[in-house]
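# Reading the structure
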Amino acid sequence: LRRVKRRRSILLNHIVENKRLVVAEAKRKRPLRREDIKTKGGFRLRQAIAERDWSLIAECKLASPAKGRLTTRHSVVELAKIYEKNGAAALSVHTDAHFLGRLEDIAAVKAATSLPVLRKEFIVDEYQIYETALAGADGVLLIAAVLQAEELKRYQEIAEDLGLDCLVEVHGPAELPAALAAQAPLLGINNRDLTTFRTDVEHTFQLLPQCAGQMVISESGIKNGEDARRLRQAGVRGILVGEGLVVADDVAAMTREMALVE
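One structure accompanies this document, and this report is about it. (Residues numbered from 1 in each chain as written. Predicted model: local features only at pLDDT ≥ 70, side-chain atom pairs only at ≥ 80, totals over all residues. Heavy atoms only, no water.)

### With respect to the pairing of strand β8 (residues 186–190)
This is how it is decided: The buried label goes to any residue with under 20% of its type's maximum accessible area, the exposed label to any with over 50%, and the partly exposed label to all in between, with areas taken from a 1.4 Å probe on protein chains only. A run of DSSP states H or I qualifies as a helix once it reaches four residues; a run of E qualifies as a strand once it reaches two. Both are numbered from the N-terminal end. One bridge is not enough; two strands pair if DSSP finds at least two bridges between them.
For β8, the tally of buried residues reaches five of five residues, placing the bulk of the element in the interior. Burial of β8 is two-sided: the residues Leu186, Gly188 and Asn190 facing one way and the residues Leu187 and Ile189 facing the other way are all buried. Summarising the sheet, strand β7 (residues 165–170) and β8 pair through four bridges and their orientation is parallel. Following the sheet pairing, Val168 is matched in β8 by Leu187.

Written out as structure tokens, the structure reads:
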């Protein structure tokens, strides 16, 4: 774990350590156990992606800790509606404060759209899986660089029991064995270097041969429809895009371009 932390940026380390404090306070204020979850999810995220040969998971992202505010033109709900109307297969809702996200945004987006929703978050405790289920999300992100191998597997098992899909995200080949062992339905390859925060979509092409049999989602650094078409031709099942959509002059048009809507 120490080795992984050294490879992460100072910014990411700060976010993760702060998240542990936030979760500890949330647990104190509102304890949650498995028994508190009365309704199971229906694995809608994996189903939405499995039934298509290409899927855009469009992220309702207002800000970035590295770049600050990305858009003031649209709210989270407004972005979700635009994405749904223009070909997105699913939505990603960031609930971390560094991205101006809130847990309540999940319910707001679910009320305004019919698409499955992934909770984008820095998960550091199983408590957050229970939170995710109660919030009404259909899936949750697990980041291999943040979690130990046994945590990845255990959190995936908890999510599965609750009817939630996990998107397990890797940044490099060293994280693949733990991610594959977790047996999550969706494997994310993040094209962002955690030490420099630079992105390069070629990272997905480099890791893809080691991901045979997985439903792979490419994340970060996807700029246009050309990138999307190259990824689909290589066998990637979809992309998760936030910044590339929200900073576009025409969000609707860029959504159609990334979703490869003919």
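### Digging into the pattern of salt bridges
Here is the rule: By definition here, a salt bridge exists when the distance from a side-chain nitrogen of Lys or Arg to a carboxyl oxygen of Asp or Glu is within 4 Å.
The final tally for this structure, using the stated rule, is 20 salt bridges. Of the charged contacts in the structure, one is a salt bridge between Arg28 and Glu25, with a shortest N-O distance of 2.6 Å. Here the residue Arg28 and the residue Glu25 both occupy positions in helix α2 (residues 10–29), the gap between them amounting to three residues, near one helical turn. The class for Arg28 is exposed, based on a relative accessible area of 58%. For Glu25, a relative accessible area of 34% gives the class partly exposed. Across the salt bridge formed by Lys120 and Glu59, the nearest N and O atoms sit 2.9 Å from each other. Of this pair, Lys120 sits in strand β5 (residues 117–120) while Glu59 sits in strand β1 (residues 55–60), placing them 61 residues apart in sequence. Like Lys120, the residue Glu59 is buried in the burial classification. Salt bridges linked by common partners bring Lys19, Asp96, Arg119, Glu121 and Glu131 together as one network.

### Points about the packing of α2 against helix α6 (residues 127–135)
Angle between the axes and distance between the axes are the two parameters that describe a pair of packed helices. Threshold: All axes are obtained by fitting lines to C-alpha atoms, using only the stretch in contact for helices, and the reported angles, taken between N-to-C directions, cover 0 to 180 degrees. Under this scheme an angle from 65 to 115 degrees is roughly perpendicular, one under 35 degrees roughly parallel, and one over 145 degrees roughly antiparallel; angles in between are oblique. With the far helix as reference, a near helix turned anticlockwise by less than a right angle produces a left-handed crossing, and one turned clockwise produces a right-handed crossing. Should any heavy atoms of two residues lie within 4.5 Å, those residues are counted as being in contact.
Across the interface, α2 lies against α6 with an axial gap of 10 Å and an inter-helix angle of 65°. Here α2 is positioned roughly perpendicular relative to α6, judged by the angle of their axes. Handedness of the crossing formed by α2 with α6: left-handed. Residues Lys19, Val23, Ala26 and Lys27 of α2 touch α6, and the partners they reach there are Tyr127, Gln128 and Glu131.

### A look at the sheet that holds β5
Pairing is parallel in the closed barrel, where eight strands are placed in the order β1-β4-β5-β6-β7-β8-β9-β10. Geometrically, the sheet is characterised by an average inter-axis angle of 25° between neighbouring strands, direction not taken into account. Across the sheet, helix α4 (residues 76–85) lies against β1 and β4 (90–94), angled at about 165° from β1, the strand it touches most.

### Focus on the packing of aromatic side chains
Stated formally: The criterion for an aromatic pair is that two Phe, Tyr or Trp rings (for Trp, the six-membered ring) have centres within 6.5 Å, with stacked assigned to planes under 30 degrees apart, edge-to-face to planes over 60 apart and tilted to the rest.
Enumeration according to the criterion identifies one aromatic pair in this entry. When the ring of Phe99 is compared with that of Phe122, the centres are 6.2 Å apart and the planes differ by 35°; the resulting orientation is tilted. Residue Phe99 is located in the loop between β4 and α5 (104–112), and its partner Phe122 is located in the loop between β5 and α6; the two are separated by 23 residues in the primary sequence. Residue Phe99 shares its accessibility class with Phe122, and that shared class is buried.

### A look at the side chain of Thr204
Topologically, Thr204 is positioned in helix α9 (residues 202–207). In this structure Thr204 comes out as buried when scored by relative accessible area, which is 0%. The contacts of Thr204, once residues within four sequence positions are left out, are Ile189, Asn191, Ser218, Leu231 and Val236.

### Some details on the pairing of strand β9 (residues 215–219)
As a reminder, the rule being used: With the strands aimed away from the viewer, a crossover counts as right-handed if its path from the first strand over the helix to the second runs clockwise.
Judged by how many residues are buried, β9 sits mostly within the fold: five of five residues are covered. Of the two faces of β9, both are covered, the one formed by Met215, Ile217 and Glu219 as well as the one formed by Val216 and Ser218. Across five bridges, β8 lies against β9 in parallel orientation. Considered in β9, the bridge of Leu187 is made with Val216. Taken together, β8, α9 and β9 constitute a β-α-β crossover, and its handedness is right-handed. One ladder, built from three bridges, connects β9 with strand β10 (residues 238–241); its direction is parallel. Looking at β10, one finds that Glu219 is bridged to Leu240. Each parallel crossover has a hand, and for β9 linked through helix α10 (residues 225–234) to β10 it is right-handed.

### With respect to the nonpolar core
Which entries qualify depends on this criterion: Residues enter a nonpolar core if they are buried and are Ala, Val, Leu, Ile, Met, Phe, Trp, Tyr or Cys, with the set joined through side-chain atoms within 4.5 Å.
Residues Leu56, Tyr83, Ile129, Leu142 and Ile239 are the most contacted members of the largest nonpolar core, which totals 88 residues. Look past the residues within four positions of Tyr83 in its chain and what remains in contact with it is Ala58, Glu59, Cys60, Ala88, Leu91, Leu245, Val246, Val251 and Thr255.

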